[in-house]
Amino acid sequence: MTSEMRLRRDVDALCPTPRHRDVPGSLQAARAHCREQLEEAGWTAEERVFRPRPALRLSDAGHPVSPLAMRWMSDLEGVNLLATPPGHPGHQAGDVLLMAHLDTVRCSTGADDNASGVAVTLEVARQLRGRDHRVVIALVDLEELWHLGSRELARTLPHPGLVVCLDAVIGP
C-alpha cells in the first residue's frame, strides 16, 4: 500500500462522525485506530487521562455563523495518546515532539481539522520504523477547547527540543 493510500485510509477511518466528546464512542474509536496503527508500526502507545479545572470556556459546538458562546465547563475529561519508538526509555527532555489533535468541533467530521494532521503523523511513525531517532508522538484531545490537551502536555512532559504540530494539513 502506498503512503497516499494509507493517508486516505486513515482520514476515512477518522471521519465517519465528528470526533467530539458529545458524540458517544467517537473519540474512543479514533484513539483505538491510531493506537493500532502506531503499534503496527512498532511504537509503544499509552493513553494519559487528564481532567482540566472547571472554567468558563469558548464553546466547541462549531457553528461558524453564530457568535462563539461562552459556557461553564466542569467535569471535562481528556485523553492524550502518547507514543514512543521501540527501545526509547520514555519521554525525555530534548526529544522531538510530533503532535496533532484528535478532536473536532461538534458539527464537523474534521477531515482537514484535524484528521489530515493525524494521518500525516501516523505516516511519519510508519516511515520512522527501524530508524534511530528521538521522536515522541502525541495525539491530543480537547484542543478545540482552548488547547487543553497541549496545555496538559506542556505541564507534564519534559521540555522537548523541538515541537512539530500538524494541524489542517492539505495536499496538492
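Quick note: structure is the one above.
Residues numbered from 1 in each chain as written. Predicted model: local features only at pLDDT ≥ 70, side-chain atom pairs only at ≥ 80, totals over all residues. Heavy atoms only, no water.

Draft legend 1. Representation of a nonpolar patch on the surface. A surface patch of nonpolar side chains, about 600 Å² in accessible area, is lined by Leu56, Leu58, Met70, Trp72 and Trp146. Summarising the element assignment, Leu56 is placed in strand S2 (residues 55–58). (Patch = residues over 30% accessible without salt bridge, like charges linked within 9 Å, V, L, I, M, F, W, Y side chains within 5 Å. Areas by Shrake-Rupley, 256 points an atom, 1.4 Å probe, with all protein chains shown as cover. Salt bridge = Lys/Arg side-chain N within 4 Å of Asp/Glu carboxyl O. Helix = DSSP H or I, 4+ residues; strand = E, 2+ residues; numbered from the N terminus.)

Draft legend 2. Region of interest: empty space enclosed by the protein. Taken as a whole and assessed by the stated rule, the structure comprises one cavity of 30 Å³ or more. Approximately 60 Å³ is the volume found for the largest cavity. If you go around the largest cavity, the residues you meet are His91, Gln92, Asp95, Val96, Leu97, Val136, Leu157, Pro158 and Pro160. Here the residues of the lining of the largest cavity are counted per class, giving six nonpolar, two polar and one charged. (1 Å grid on protein atoms, 1.4 Å probe; cavity = no way out; pocket = protein on both sides within 12 Å on 5 of 7 lines; lining within 4 Å. Points joined across faces, edges and corners; volume = space filled by probe spheres on them. Nonpolar A, V, L, I, M, F, W, Y, C, P; charged D, E, K, R; others polar.)

Draft legend 3. Looking closely at the side chain of Asp10. Looking at the secondary structure, you find Asp10 in helix H1 (residues 3–14). Of note is the side chain of Asp10, whose polar atom sits 2.8 Å from the side chain of His33. The residues contacting Asp10, other than those within four sequence positions of it, are His33, Gln37, Ala119, Leu122 and Arg126. (Polar contact = N/O pair within 3.5 Å; in protein donor to acceptor, adjacent residues only side chain to side chain. Contact = heavy atoms within 4.5 Å.)

Draft legend 4. The arrangement of the sheet that holds strand S5 (residues 96–101) in detail. With mixed pairing, five strands are arranged side by side in an open sheet as S1-S4-S6-S5-S7. The outermost strands of the open sheet, each flanked by one partner alone, are strand S1 (44–50) and strand S7 (162–165). Along the sheet, successive strands turn relative to each other by an average axial angle of 20 degrees, direction set aside. Sheet topology note: the S5/S7 ladder contains four bridges and is parallel. The partner of Val96 across the bridge, within S7, is Leu162. In this fold helix H2 (residues 26–40) packs onto S1, strand S4 (78–84) and strand S6 (135–140), with an angle of close to 5 degrees to the strand it touches most, S4. (Pairing = 2+ DSSP bridges. Axes fitted to C-alpha atoms, helices over the stretch in contact; angles between N-to-C directions.)

Draft legend 5. Quick look at helix H3 (residues 111–127). Buried within H3 we find Asn114, Ala115, Ser116, Gly117, Val118, Ala119, Thr121, Leu122, Glu123, Ala125 and Arg126. The elements touched by buried residues of H3 are H1, H2, S5 and S6. (Buried < 20%, exposed > 50% of the residue type's maximum accessible area, 1.4 Å probe, protein only.)

Draft legend 6. The packing of H2 against H3, seen in detail. Where H2 meets H3, the closest approach of the two axes is 9 Å, and the angle between their N-to-C directions is 20 degrees. Considered as vectors, H2 and H3 are oriented roughly parallel to each other. For the crossing formed where H2 meets H3, the hand is right-handed. Seen from H2, the contacting residues are His33, Cys34, Gln37 and Leu38; seen from H3, they are Val118, Leu122, Ala125 and Arg126. Partitioned by chemical class, the residues of the contact of H2 with H3 number five nonpolar, two polar and one charged. (Parallel < 35°, antiparallel > 145°, perpendicular 65-115°, else oblique. Left-handed = near helix turned anticlockwise from the far one by under 90°.)

Draft legend 7. Focus on the pattern of salt bridges. A complete count under the given rule lists 15 salt bridges for this structure. For Arg106, the salt bridge is made with Asp22, and the minimal N-O distance between the two is 3.0 Å. A residue pair is termed long-range when its members are at least 10 positions apart, and Arg106 in the loop between S5 and H3 and Asp22 in the loop between H1 and H2 qualify at 84 residues. With a shortest N-O distance of 2.9 Å, Asp95 and Arg134 are connected by a salt bridge. Here Asp95 is found in the loop between S4 and S5, whereas its partner Arg134 is found in the loop between H3 and S6, with 39 residues between them in sequence. The buried category is assigned to Asp95, whose relative accessible area is 3%. The partly exposed category is assigned to Arg134, whose relative accessible area is 42%. Shared partners join several salt bridges into a network, and the residues in it are Arg6, Arg9, Asp10, Glu123 and Arg126.

Draft legend 8. Spatial organisation of the nonpolar core. Membership of the largest hydrophobic core comes to 25 residues, with the highest contact counts inside it found for Cys34, Leu38, Trp43, Leu102, Val118, Ile137 and Leu139. Among the elements of the structure, H1, H2, S4, S5, H3 and S6 are those that each provide at least two residues to this core. Looking at this core, the element that brings in the most residues is H3, giving five residues. Filtering out sequence-adjacent residues up to four positions away, Leu139 remains in contact with Cys34, Leu38, Val79, Asn80, Leu81, Ala100, Leu102, Val118, Thr121 and Leu122. Formed by eight residues, the second largest nonpolar core is a distinct cluster that contains Leu97, Val136, Val140 and Leu157. (Core = buried A, V, L, I, M, F, W, Y, C linked by side-chain atoms within 4.5 Å.)

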